[in-house]
Amino acid sequence: MIETRGLTRSFGPTQVLAGVDLSVAQGESLCVIGQSGTGKSVLLKCILGLIAPDAGQVLWQGRPLDRTTRPGFLRGFGMLFQGGALFDSLSVWQNVAFRLRQRMPDGRARAIAVDKLARVGLAPETADLMPAQLSGGMARRVGLARAIADDPAVIFFDEPTTGLDPIRARRIDDLIRGIVRETGATAITITHDMDSVRAVGDRVALLQDGRIRWQGTTEAMQDAAPMAAFLGRVPDRRQQQGAAPGAPD
Ligand SMILES: Nc1ncnc2c1ncn2[C@@H]1O[C@H](COP(=O)(O)OP(=O)(O)OP(=O)(O)O)[C@@H](O)[C@H]1O
């Protein structure tokens, strides 16, 4: 279980987080949504320890994350970065096996990478391609394979569908949902994409004015007033133009 208690963080005179209380149960999939610039990334970075909060705590399995406990937490987490964020100079399998190669021989790391690539629907031949040879949808799948390479207990998805057309976005959502379900991982997804929220989230938290303004199940969000106000301002992917069904990645 991951919990934040009273997280605050300012940059200069601007308070971005003003007391964020959030909890994600083991095996639960939580989506954090909010307008651009509301502090979703700052919140994620505070959880990962990349930014120190001014006040408040992040707890993992009931224990505050600090210098002693954070390394254990980080060993058990995987992350799909915004846009996939692959290392251009490494091949696909080397990207997927990036962390594995630090502690096992290349042969074994590569075999695991090929297995994870298969899980995200990519053929073994993909393993030796370079990132520049991949389409946007394939690159996102490789990013996803890297996120799950080490069988993480906690997975963060940072804007997993941004930049993809609706059809490819839906496929990534389906993969995320399937992977989270079958691995039992705890998932936190930051997104603007309400179709993604419906597809991958058990629960939703709306970050607004530095606080969690509303949280509840994805089913309940349609009827919640703060969510209705927020949803009124966010375009729905189904209303946007996209690729034809069946289009390849
Ligand atoms: N290192 C930093 N130094 C100064 N200001 C920062 C820093 N990191 C974030 N901010 C500010 O904090 C605010 C929240 O940024 P953040 O990136 O968390 O927003 P977001 O909700 O993730 O936005 P988006 O949805 O557009 O990615 C912004 O005003 C941003 O300029």
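The notes below deal with the structure included here. Remember, predicted model here, so these are calculated numbers, not experimental data.

How each quantity is defined
- Residues numbered from 1 in each chain as written.
- Predicted model: local features only at pLDDT ≥ 70, side-chain atom pairs only at ≥ 80, totals over all residues.
- Helix = DSSP H or I, 4+ residues; strand = E, 2+ residues; numbered from the N terminus.
- Expected span 1.5 Å × (residues − 1).
- Buried ≥ 20, exposed ≤ 12 C-beta atoms within 10 Å, placed from the backbone.
- Core = buried A, V, L, I, M, F, W, Y, C linked by C-beta atoms within 7 Å.
- Pairing = 2+ DSSP bridges.
- Near = placed C-beta within 6 Å.
- Nonpolar A, V, L, I, M, F, W, Y, C, P; charged D, E, K, R; others polar.
- Right-handed = clockwise from strand over helix to strand, strands pointing away.
- Axes fitted to C-alpha atoms, helices over the stretch in contact; angles between N-to-C directions.
- Parallel < 35°, antiparallel > 145°, perpendicular 65-115°, else oblique.
- Left-handed = near helix turned anticlockwise from the far one by under 90°.
- Contact = placed C-beta atoms within 7 Å.

Re helix H5 (residues 136–148)
Here is step 1: With 13 residues, H5 extends 19 Å between its outermost C-alpha atoms, agreeing within 8% with the 18 Å of an ideal straight helix rising 1.5 Å per residue.
Here is step 2: In terms of residue burial, H5 counts as a mostly covered element, since twelve of its 13 residues are buried.
Here is step 3: Within H5, the full set of buried residues consists of Gly137, Met138, Ala139, Arg140, Arg141, Val142, Gly143, Leu144, Ala145, Arg146, Ala147 and Ile148.

Description of the nonpolar core
Here is step 1: Core analysis: the largest hydrophobic core is formed by 68 residues, its most contacted members being Val32, Leu43, Val96, Ala113 and Ile155.
Here is step 2: Considering each element in turn, this core owes the most residues, seven residues, to H5.

Comments concerning the sheet that holds strand S1 (residues 2–11)
Here is step 1: The strand order across the open sheet formed by four strands is S2-S1-S4-S5, and the pairing between neighbours is antiparallel. Strand pairing shows two members of the sheet lacking a second neighbour, strand S2 (14–24) and strand S5 (63–64), which therefore form its edges.
Here is step 2: Pairing between strand S4 (residues 55–60) and S5: two bridges, direction antiparallel. Across the sheet, residue Leu59 finds its bridge partner in S5, namely Pro64.

Observations regarding the site of the ligand
Here is step 1: Neighbouring residues of the ligand: Phe11, Val16, Gly34, Ser36, Gly37, Thr38, Gly39, Lys40, Ser41 and Val42.
Here is step 2: The element best represented in the shell around the ligand is helix H1 (residues 40–48), accounting for three residues.
Here is step 3: Of the residues in the shell around the ligand, the class split is three nonpolar, six polar and one charged.

Focus on the pairing of strand S8 (residues 186–190)
Here is step 1: Counting buried residues in S8 gives five out of five residues, a clear majority hidden from the surface.
Here is step 2: Both strand S3 (residues 29–33) and S8 contribute to a ladder of four bridges, which runs parallel. Its bridge partner being in S8, Cys31 is matched across the sheet by Thr189.
Here is step 3: Pairing between strand S7 (residues 154–158) and S8: five bridges, direction parallel. In the sheet register, Phe157 faces S8, and the bridge partner there is Thr189.
Here is step 4: Crossover S7 to S8 through helix H6 (residues 166–183) is right-handed.

Observations concerning the packing of H5 against H6
Here is step 1: Where H5 meets H6, the axes come as close as 10 Å, and the angle between the chain directions of the two elements is 15°. The orientation of H5 with respect to H6, classified from their angle, is roughly parallel. Remark: the crossing between H5 and H6 carries right-handed chirality. Contacts between H5 and H6 involve Gly137, Arg140, Leu144 and Ile148 on the former and, on the latter, Arg168, Ile172, Leu175 and Ile179.
Here is step 2: Class assignment of the residues belonging to the contact of H5 with H6 gives a composition of five nonpolar, one polar and two charged.

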